[in-house]
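Now for the letters of each chain:
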Amino acid sequence: MLKNKLGKRLDQTDIEIMDLMILGKNNKEISLTLKIPLSTAQRRVRNLISTGYITSDIQINYQKFGFKTGLLYVYLRNGNIEETAKKIHNLDQIISVEIHIGNSDILGNVIYKEGKQLLNLISAIRKMEGVERIVWSERIYQSPLKRNKNIINVLNVQGLA
C-alpha cells in the first residue's frame with residue numbers, strides 16, 4: 001500500500017486502476033478487467049481524480065486546423081520572471097507559458113499559421129524589458145504518450161512505494 005504526503009493510502013486496486021487508466025481504459029473496461037462492480041470502478045476513479053493522483057489533459061490537435069506549433073525559449077538578463085511570463089502569456093499565439101529553473105527562464109508554447117506571425121511574436125517579446133535572447137524550435141513530430149505498463153514500478157524506482 002502506498003501513502004502520500006497527506007497520509008492518504010492507495011491500495012493495490014487503486015494502483016491497478018491507475019495502470020489501466022494510463023493504458024486508456026474506460027470505467028467499464030476497468031470494471032471488467034479487475035472484476036469489480038462498475039459503480040466501484042467509477043467511485044475509485046472519481047476519488048483518484050478528486051485527490052489529484054490522476055489528472056486529465058485534453059489537447060487540441062492544432063495541426064488539424066492548419067497551425068504549426070513550437071516552443072519559444074526566453075532567456076532573461078534580469079527583471080521579474082513572473083511579470084514577463086504574464087506578458088508573454090497574454091500574446092495571441094502563445095497557448096501556455098512555463099517558468100523554468102535551468103537552461104531558459106520562460107518556455108512558451110506557440111501556435112501560428114504563417115512565418116510572419118511568428119516573426120511578429122518574437123519581435124514583440126524581444127522588446128520586453130529584461131529579455132536577453134530567444135531560441136525557437138518548431139514541433140515536427142510528437143510521439144504518442146508513453147504508457148507505463150505498471151505504475152507501481154515507476155513509484156518504486158522513485159522511492160515512493
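So, here's what we can say about the structure. Here the structure is a predicted model, which means the values were calculated and not measured.

Looking only at helices and strands, the protein chain has six helices and six strands in total. The secondary structure elements of the protein chain, listed N-terminal to C-terminal, are β-β-α-α-α-β-α-β-β-α-β-α. Split into buried and exposed, the 161 residues of the protein chain put 31% on the buried side. Residue pairs at least 24 apart in sequence account for 61% of intrachain contacts in the protein chain once pairs closer than 6 positions are excluded.

Pairs of aromatic rings are described using the distance from one ring centre to the other and the angle between the two planes. By the definition in use, this model includes two aromatic pairs. Centre to centre, the rings of Tyr62 and Phe67 are 6.3 Å apart; their planes meet at 90°, and the pair counts as edge-to-face. The ring of Phe67 carries Lys113 above its face, with NZ or CZ at 5.0 Å from the centroid. A cation over an aromatic ring shows up here: Arg133 above the ring of Tyr75, its NZ or CZ 3.9 Å from the ring centre.

Take the sheet that holds strand 5 (residues 106-112) next. On the basis of which strands lie adjacent, the open sheet formed by four strands has the order 4-5-3-6 and antiparallel pairing. Each edge of the open sheet carries a strand with a single partner, namely strand 4 (94-99) and strand 6 (131-138). Each adjacent strand pair in this sheet contributes to an overall mean axis angle of 20°, direction not counted. The pairing of strand 3 (residues 68-76) with strand 6 spans seven bridges and is classified as antiparallel. Residue pairing for strand 6: Tyr75 is matched across the bridge by Arg133. Across the sheet, helix 4 (residues 81-89) touches strand 3, strand 4, strand 5 and strand 6, and the angle it forms with strand 4 is around 170°. Here helix 5 (residues 115-126) sits on the sheet and contacts strand 3, strand 4, strand 5 and strand 6; the angle it forms with strand 6, its principal contact strand, is near 155°.

Since one α-helical turn is 3.6 residues long, residues separated by three or four positions face the same way. Every buried residue of helix 1 (residues 12-22) is accounted for by Asp14, Ile15, Ile17, Met18, Asp19 and Leu20. Its side-chain oxygen at 3.1 Å from the backbone nitrogen of Thr13, Asp11 defines the N-terminal cap of helix 1. Residue Gly24 follows helix 1 closely and has a positive phi angle near 90°.

What follows covers the packing of helix 1 against helix 2 (residues 27-34). Between helix 1 and helix 2, the least distance of the axes is 10 Å, while the angle of their chain directions is 130°. Considering their axes alone, helix 1 and helix 2 lie oblique with respect to each other. Crossing geometry of helix 1 relative to helix 2 is assigned as right-handed. Packed against helix 1, whose contacting residues are Thr13, Glu16, Ile17, Leu20 and Met21, the element helix 2 presents Ile30, Thr33 and Leu34 at the interface. The residue inventory of the contact of helix 1 with helix 2, partitioned by class, reads five nonpolar, two polar and one charged.

All right, on to the environment of Ile81 then. Checked against the element boundaries, Ile81 lands in helix 4. Ile81 has contacts with Leu76, Ile99, Asp105 and Ile106, leaving out every residue within four places of it along the chain.

Two elements in contact, helix 1 and helix 3 (residues 38-50), have axes whose closest approach is 10 Å; the angle formed by their N-to-C orientations is 85°. Overall, the two elements helix 1 and helix 3 adopt an arrangement that is roughly perpendicular. Facing helix 1, whose interface residues are Thr13, Asp14, Ile17, Met18 and Met21, helix 3 presents Arg44, Val45 and Leu48. Of the residues belonging to the contact of helix 1 with helix 3, the class tally is five nonpolar, one polar and two charged.

Before going further, it helps to spend a moment on the environment of Asn80. Position of Asn80 relative to the elements: it lies in the loop between strand 3 and helix 4. Residues Asn80 and Glu129, spaced 49 residues apart in sequence, show a C-alpha to C-alpha distance of 9.2 Å. A polar contact is formed between the side chain of Asn80 and the backbone nitrogen of Glu83, at a distance of 3.1 Å.

Conventions used here
- Residues numbered from 1 in each chain as written.
- Predicted model: local features only at pLDDT ≥ 70, side-chain atom pairs only at ≥ 80, totals over all residues.
- Heavy atoms only, no water.
- Helix = DSSP H or I, 4+ residues; strand = E, 2+ residues; numbered from the N terminus.
- Buried < 20%, exposed > 50% of the residue type's maximum accessible area, 1.4 Å probe, protein only.
- Contact = heavy atoms within 4.5 Å.
- Phe/Tyr/Trp six-rings, centres within 6.5 Å; stacked < 30°, edge-to-face > 60°.
- Lys NZ or Arg CZ within 6 Å of the ring centre and 35° of its normal.
- Pairing = 2+ DSSP bridges.
- Axes fitted to C-alpha atoms, helices over the stretch in contact; angles between N-to-C directions.
- Polar contact = N/O pair within 3.5 Å; in protein donor to acceptor, adjacent residues only side chain to side chain.
- Parallel < 35°, antiparallel > 145°, perpendicular 65-115°, else oblique.
- Left-handed = near helix turned anticlockwise from the far one by under 90°.
- Nonpolar A, V, L, I, M, F, W, Y, C, P; charged D, E, K, R; others polar.

Purely spatial values, then, with no claim about function.
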